[in-house]
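Observations on the model geometry
Below are the chains, spelled out letter by letter.
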Number of protein chains: 2
Amino acid sequence: MTQYAEKVITAQPMPNKILLGPGPSMAHPRVLQAMMQSMIGYLDPDFIEVLDEISGHLKNVYKTNQSTLAIPGTGSAGMEAGLSSLLEPGDKVIMCIYGFFCERMVEMGERIGANVIPIRAEWGAPFPEELLEEEIKKHSDVKLVTAIHGETSTGIAQPLEGISKIAKQHDALFMVDAVTTFSGRNIEIDNWNIDYAYSASQKCLGAPPGLSPAVVSDRALETIRNRKTKPVSWYLDLELLCKYWGEERVYHHTAPVSMLYGINEALRIVMEEGLETRFERHRINAEALNAGLQAIGLNAVAPQGSRLEQITPVWIPDGVDDMEVRDMLLNEFSIELGRGLGDFSGKVWRVGLMGESSKQEYVLTFLSAIESILSRVGYEVAQGAAVAEATKIYNTYPGKKKS
Amino acid sequence: MTQYAEKVITAQPMPNKILLGPGPSMAHPRVLQAMMQSMIGYLDPDFIEVLDEISGHLKNVYKTNQSTLAIPGTGSAGMEAGLSSLLEPGDKVIMCIYGFFCERMVEMGERIGANVIPIRAEWGAPFPEELLEEEIKKHSDVKLVTAIHGETSTGIAQPLEGISKIAKQHDALFMVDAVTTFSGRNIEIDNWNIDYAYSASQKCLGAPPGLSPAVVSDRALETIRNRKTKPVSWYLDLELLCKYWGEERVYHHTAPVSMLYGINEALRIVMEEGLETRFERHRINAEALNAGLQAIGLNAVAPQGSRLEQITPVWIPDGVDDMEVRDMLLNEFSIELGRGLGDFSGKVWRVGLMGESSKQEYVLTFLSAIESILSRVGYEVAQGAAVAEATKIYNTYPGKKKS
């Protein structure tokens, strides 16, 4: 037989790494184990039970009584499903922009032919609601307002209730990117009047990448059903997806069975830990990390009070080479650190502490490693200072879950 | 904490089933094992090796020197990626239609605003090339011709070389759905001049559903790069996907790491078995199945000579209830059988023998089971006849791989 490509067998098994980047974060071993279960038909009654269980857990995490599902794609698929299902060509959407992933929304919105009105605010600060208030007043027919709960490019935790209120006052739907925050930070779909939110399986949830756990409000579904034109995407059509996940169980795509086993187990782990305990674990580890980084002069991009616990972008000190440090971390310590995106490329490192990666032991390992590396690349560091400050923080939370 | 949904924990682990439907087919245990490897960053050098290995294996199976990749979605995502990347609004595409999944292409093409020209031929027979010849002559500007290698709704194996030749003569690109056939039946991308083909991980490949292994010709990539407008889909933009899979390694989506470990192992298994041996295994098992079914009066939809080895749709005998029989198969024998789709709903059963599901033992189990059930639902069957005929076929292939 002709070989079109040489057979290059890679090393197996994949070496363990400490994943402190933007995701994937580490997967819980129970999740990987659950994924080994047998294949099954996508309409088999035994499998429908799994779908129902996932839906139920998603309702509890999203705090909603509305439709929940797992979209068969990554977080970006969740983003595109929302925009392409909610918007018809020419529809007005106001996008609150304060980072890299907000810009991805603009790109997607423009591709589907929506009338995208971006409001660009500073990267590295929460979006000022008054900018939305000002803009939305100029229009009578804004169909959708979008925001990102946790902008991972800047590390901003965006308050959502104010934006939601303005959107509702002007009769617009509200779509939220919860990719980085879902199951790591509180989000309340029904109380906060959110019409569509989506996340990703590989961040706080602690499952592998490939699914986008989402929620669609009744009002959003109604809007989709009343469209004059069909959404441009068949694969990401939320109405068709909801018909498979809802009581009708109409065949759409072949469900990614193993990944669904995986997020089901991940959601069980979330519910066993308890949402409040889990949010607190993320908070404590982020606080310790921040204290440690600050002690060695690595300053967070986001101002105190607006910081995301899930990911902490910090300014790279002058004269320090971005890539050199990230390579040393990976090669010497098997630690993955996130790089800067877009305007922040080369200027920022991003430390992710999400789901299974949000653990005291990794915070301390990382701080020790970065101390060691920085002093060797010519940036003076008081050895042990970062670890000492982080430990001080941990000691103020005796008896709390940190791992 | 308020519970939004009751906690209903489903039984674990999932019971083993014999999957003889349209997919997922059964997964090789080595594939599931490989999926347990650790998470890793999507640009980690150790992971890039995995991507390169997958690309190489895909080149060998698709028999191509052009760009290969795994699209992060199911087979339908592969379909949509092709149509939405190759076609701009108003572009003419001729679709050869001879089954349910061909109609899905029409739906997708229309949604993205292409000028879809469907040529509808009979369901259950190969598409007559002369219909394409006739139609394409009427136009000077057909951009794309589409066909399906194995229509799983009818069980037709469609010859592709003739269609390809006509498309090329009229300077059109040629896109092929290889969802059901990839790694189970011969397909030669370069020799047959195919510009885009896609498949699914859960059919002949023996991995879980969720990825679409695809190939994009240089000419197709060139066409995409020269588009006047951006594709409507960002998530399924083949140019962006190829930039991640190609040498540039530009971040697009977060790669579904575990699923990629899985298909890499599945592709290794394919190469270890050898393509010819694997195709022959599918042929022998399909032949035995057909002989067995015919012996008890269950006639294939597809005429001899045009039958797909991967899936065998048969007419349900008069007076036999579709659902009743499928339920009995599932409940008594844990066997999943495929149902009819579209026009064939309620009229046809579909027996899938793909990848790990294409095994002598499953063929014999299924034939014994269906004999037993049919005689109990009032359809007279000579007990043992189906199994006897299948065994006769197997005996004509001594020493050949059947499992």
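Residues numbered from 1 in each chain as written. Chains lettered and ligands numbered in written order. Predicted model: local features only at pLDDT ≥ 70, side-chain atom pairs only at ≥ 80, totals over all residues. Heavy atoms only, no water.

Notes on the overall build of chain A
Spelled out, the test is: Numbered from the N terminus, helices here are DSSP runs of H or I no shorter than four residues, and strands are runs of E no shorter than two. A 1.4 Å probe rolled over the protein chains alone gives each residue an accessible area, and that area as a share of the maximum for its type sets the label: buried under 20%, exposed over 50%, partly exposed in between. Whether two residues are in contact is decided by their heavy atoms: any pair within 4.5 Å suffices. Computed by Shrake-Rupley with a 1.4 Å probe, the accessible areas treat only the displayed protein chains as cover when residues are assessed. For this count, His and the chain ends are skipped, Lys and Arg are scored as positive, and Asp and Glu as negative. Here the site of a charge means atom NZ of a Lys, CZ of an Arg, CG of an Asp or CD of a Glu.
Across its full length, chain A holds 13 helices and 13 strands. Structurally, chain A occupies a C-alpha span of about 65 × 60 × 55 Å along its principal axes. By residue count, 67% of the 403 residues in chain A fall in the buried class. Sequence-distant contacts in chain A: of pairs separated by 6 or more residues, those separated by 24 or more amount to 73%. Carbon and sulfur atoms make up 47% of the accessible area of chain A, which totals about 13500 Å². When the 38 positive and 52 negative side-chain charges of chain A are each reduced to one mean point, those points stand 1 Å apart.

A closer look at the nonpolar core
Applied cut-off: Nonpolar core, defined: a set of buried Ala, Val, Leu, Ile, Met, Phe, Trp, Tyr and Cys residues in which side-chain atoms within 4.5 Å join the residues together.
Judged by nonpolar contacts, the single largest core of 280 residues is most densely connected at Val145 and Phe366 of chain A together with Val145 and Phe366 of chain B. Not counting residues within four places of it along the chain, the set of residues in contact with Phe366 of chain B comprises Leu20, Leu289, Leu293, Leu329, Ile335, Leu337 and Val351 of chain B.

Details of the sheet that holds strand S8 (residues 173-177) of chain A
Residues and elements named next belong to chain A. Using the following cut-off: By definition, two strands form a pair when at least two bridges between them are found by DSSP. Angles shown run from 0 to 180 degrees and are taken between the N-to-C directions of axes, each axis being a line fitted to C-alpha atoms and, for helices, limited to the stretch in contact.
Across the sheet, seven strands lie side by side as S2-S10-S9-S8-S5-S3-S4; this open sheet has mixed pairing. The open sheet is flanked by strand S2 (67-71) and strand S4 (115-120), the only strands paired with a single partner. Shown here is a sheet whose adjacent strand axes are inclined to one another by a mean of 20°, direction ignored. Taken together, the three bridges between S8 and strand S9 (residues 196-198) define a ladder with parallel strand orientation. Each residue of the ladder has a partner; that of Val176, found in S9, is Ala197.

Here we look at the pattern of salt bridges
Definition in use: We define a salt bridge as a side-chain nitrogen of Lys or Arg found within 4 Å of a carboxyl oxygen belonging to Asp or Glu.
Inspection of the entire model under this criterion finds 52 salt bridges over all chains. Measuring nitrogen to oxygen at the nearest pair gives 2.9 Å for the salt bridge that ties Arg278 of chain A to Glu273 of chain A. The pair Arg278 of chain A / Glu273 of chain A is uniform in exposure class, with both members buried. Arg30 of chain B is the partner of Glu265 of chain B in a salt bridge, and the nearest nitrogen-oxygen pair spans 2.8 Å. Of this pair, Glu265 of chain B sits in helix H9 (residues 257-273) while Arg30 of chain B is found in helix H1 (residues 29-34), placing the two residues 235 residues apart along the sequence. Put simply, Arg30, Glu53, Glu265, Arg268 and Glu272 of chain A are held in one network by salt bridges that share partners.

What about the domain arrangement of chain A?
Residues and elements named next belong to chain A. Using the following cut-off: Where a domain begins and ends is set by an automatic assignment or by a domain database. Each residue gets one of three labels, nonpolar for Ala, Val, Leu, Ile, Met, Phe, Trp, Tyr, Cys and Pro, charged for Asp, Glu, Lys and Arg, and polar for the others, Gly among them.
Looking at the assigned domains, one finds that chain A contains domain 1 (35-271) and domain 2 (274-395). Computed over C-alpha atoms, the centres of domain 1 and domain 2 are 29 Å apart. Contacts between the two partners involve 28 residues from domain 1, matched on the other side by 23 residues from domain 2. Linking domain 1 to domain 2 there are one salt bridge. Notably, a salt bridge pairs Arg185 with Glu309, separated by 2.9 Å at the nearest N-O pair. Broken down by secondary-structure element, the contributors of at least two residues to the side of domain 1 that touches domain 2 are helix H2 (45-62), helix H4 (100-111), strand S6 (150-151), strand S7 (156-157) and helix H9 (257-273). When the residues that make up the side of domain 1 that touches domain 2 are grouped by side-chain class, the tally is 11 nonpolar, 13 polar and four charged.

Re the interface of chain A and chain B
The condition is simple: Accessible surface is computed with a 1.4 Å probe, and the buried area is the amount of it that two parts give up when combined, taken over both parts together. We call two N or O atoms a polar contact when they sit within 3.5 Å, provided that within protein one can donate a hydrogen and the other can accept it, with sequence-adjacent residues counted only if both atoms are side-chain atoms.
The interface is formed by 91 residues belonging to chain A together with 92 residues belonging to chain B. Interface area, chain A with chain B, both sides summed: about 7500 Å², of which 59% is carbon and sulfur. The largest share of the area that chain A buries against chain B comes from Tyr4, Met14 and Arg111 of chain A, three residues that together contribute 12% of it. One can count eight salt bridges joining chain A with chain B. Put simply, Asp46 of chain B and Lys17 of chain A hold a salt bridge, and the shortest N to O gap is 2.6 Å. Here chain A and chain B share 30 residue pairs in polar contact (both at pLDDT 80 or more) between them. Among the elements that line the side of chain A that touches chain B, the one with the most residues is H2 of chain A, at nine residues. For the side of chain A that touches chain B, a count of residues per class yields 46 nonpolar, 27 polar and 18 charged.

Comments concerning the relation of the copies chain A and chain B
Condition: Residues reaching a pLDDT of at least 70 in both copies supply the C-alpha atoms on which the copies are superposed by least squares.
Expressed as a screw operation, the relation of chain A to chain B combines 0.0 Å of axial shift with a rotation of 180°, fitting to an RMSD of 0.0 Å. Overall, the copies show the geometry of a two-fold rotation axis. Considering only C-alpha atoms, the residue of chain A closest to the rotation axis is Gly73 of chain A, which sits at 2.8 Å. Here 100% of the interface residues in chain A have copies in chain B that are interface residues too; the copies meet face to matching face.

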